[in-house]
Amino acid sequence: MNKKVVVFSQLDQDVLQRLQAQYHVVVINPKQGDVNEQIREQVKDADAMIGAGRLLNESNLATAQQLKIISSVSVGYDNYDLAYLNQKKIWLTNTPHVLTETTADLAFTLLMSAARKVPYLDQWTKQGHWQRTVGEAQFGHDIFGKTLGIIGLGNIGVAVARRGFYGFNMNILYHNRRERLELAQPLNAKYCALNELLQQSDFIVVAVDLNAESKALIGQSEFDNMQPHAVFVNIARGSVVDQQALIATLKAGKIFAAGLDVYAKEPLQESELFHLDNVVTLPHVGSATAETRKKMAELAYRNVVDALEGQTPPYIVNPVFS
Ligand code: 8YV
């Protein structure tokens, strides 16, 4: 009997076709009704799931009888109830490393766009407001030689720091659960307490994993600690930030600007953020390049095939029962 794979989000076509050639594949289709209802029905006799961007926990996995692996096309895994997966002895795998540089590029895209008011000035120009040489209202802030504070010096945080240090001659500060001298020393990066980083940084990039310690890590008091010319960038997870506090801070002009790729609730629909000129809003595209999403899909495919063919997948998040 062919093993069954449930695809629960959009997937690279080539990978999908390869899975369809090897296994019985069911693709969850939001147009065909409630997605969680479809998942509850399809996982009953499924052996594997592959996809991203959907909460998977007891509410939609309780009917799974023989599910061996959930292969997430992502590096983050806060969408999954790990304790429940461990209880059901279901492997969770992810796709680390291949998206590091792409996501760090996006962090700098947001940093530069926010610092130089790119979206606002693009619209201002296209709407015909450029009648004479620009004035202070159109001025941004320099990036070169300024201080970059990175919250979370993991793979992506280090890649962002490298861009600042080598590309923009920036002074690097970082805050992390522990010092990472081996990563920091080549970049002359200085470890400091969170509030010290917030008070001293011209640019702040949040690159932490979402966990119990980092949830709501940046709230009103943290924003109040930032400099009035500070630019705040979040490429981590929306829940790391008190979004209402950020909106209040931006509306009051208490920081210069923000660049956001992630939000408290996604997709971001009708939000006060849409009506602010000092925030750049992107739709969770950190890893969303053609090249990188293909590499992620390939890794996710390999995780599934290894698991279904009796091998140990390369990127298990919860090896507790491997
Ligand atoms: C994913 C991400 O594409 O890898 C992650 O953790 O946030 C992105 O690269 C996204 O999670 C898919 O929804």
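Thresholds, definitions, all that
- Residues numbered from 1 in each chain as written.
- Predicted model: local features only at pLDDT ≥ 70, side-chain atom pairs only at ≥ 80, totals over all residues.
- Heavy atoms only, no water.
- UniProt positions renumbered as here; feature names shortened; annotations may be inferred.
- Near = heavy atom within 4 Å.
- Polar contact = N/O pair within 3.5 Å; in protein donor to acceptor, adjacent residues only side chain to side chain.
- Nonpolar A, V, L, I, M, F, W, Y, C, P; charged D, E, K, R; others polar.
- Pairing = 2+ DSSP bridges.
- Helix = DSSP H or I, 4+ residues; strand = E, 2+ residues; numbered from the N terminus.
- Axes fitted to C-alpha atoms, helices over the stretch in contact; angles between N-to-C directions.
- Salt bridge = Lys/Arg side-chain N within 4 Å of Asp/Glu carboxyl O.
- Buried < 20%, exposed > 50% of the residue type's maximum accessible area, 1.4 Å probe, protein only.

- As its UniProt record puts it under Sequence similarities (unreviewed entry), the protein is described as follows: "Belongs to the D-isomer specific 2-hydroxyacid dehydrogenase family."

Focus: the site of the ligand
Phase 1 of the analysis: Around the ligand, a shell composed of Ala-52, Gly-53, Ser-74, Val-75, Gly-76, Leu-99, Arg-237, His-284, Ser-287, Arg-293 and Met-296 is seen.
Phase 2 of the analysis: Between the ligand and the protein, one listed contact pairs an oxygen atom with a backbone N or O atom of Val-75 at 2.7 Å.
Phase 3 of the analysis: Here Ser-287 contributes a side-chain N or O atom positioned 2.6 Å from an oxygen atom of the ligand.
Phase 4 of the analysis: The residue inventory of the shell around the ligand, partitioned by class, reads 4 nonpolar, 5 polar and 2 charged.

Digging into the sheet that holds strand β5 (residues 91-93)
Phase 1 of the analysis: Pairing within the open sheet is parallel, and its 5 strands lie in the order β2-β1-β3-β4-β5. Edge positions in the open sheet fall to β2 (24-27) and β5, since each of these has one partner strand only. Within the sheet, the average angular offset between the axes of one strand and its neighbour, ignoring direction, is 15°.
Phase 2 of the analysis: Two strands pair when backbone bridges link them, and strand β1 (residues 4-7) and strand β3 (residues 48-51) are joined in this way by 3 bridges, in the parallel orientation. Bridge assignment links Val-5 to a residue of β3, and that residue is Ala-48.

Overview of the pattern of salt bridges
Phase 1 of the analysis: Taken as a whole, this structure holds 17 salt bridges when the rule is applied.
Phase 2 of the analysis: We note a salt bridge from Asp-45 to Lys-4, for which the minimum N-O separation is 2.6 Å. Within this pair, whereas Asp-45 is found in the loop between α2 (35-42) and β3, its partner Lys-4 is found in strand β1, the two being separated by 41 residues in sequence.
Phase 3 of the analysis: Taking relative accessible area as the criterion, Asp-45 reaches 38% and is therefore assigned partly exposed.
Phase 4 of the analysis: Here Lys-4 falls in the buried class, since its relative accessible area comes to 6%.
Phase 5 of the analysis: Taking the shortest distance from any N to any O, the salt bridge between Glu-101 and Arg-163 comes out at 2.7 Å. Note that Glu-101 is positioned in helix α5 (residues 100-115) and Arg-163 in helix α7 (residues 155-168), a separation of 62 residues in sequence.
Phase 6 of the analysis: The class of Glu-101 is partly exposed, set by a relative accessible area of 33%.
Phase 7 of the analysis: The structure contains a network of salt bridges with shared partners spanning Glu-101, Asp-105, Arg-162 and Arg-163.

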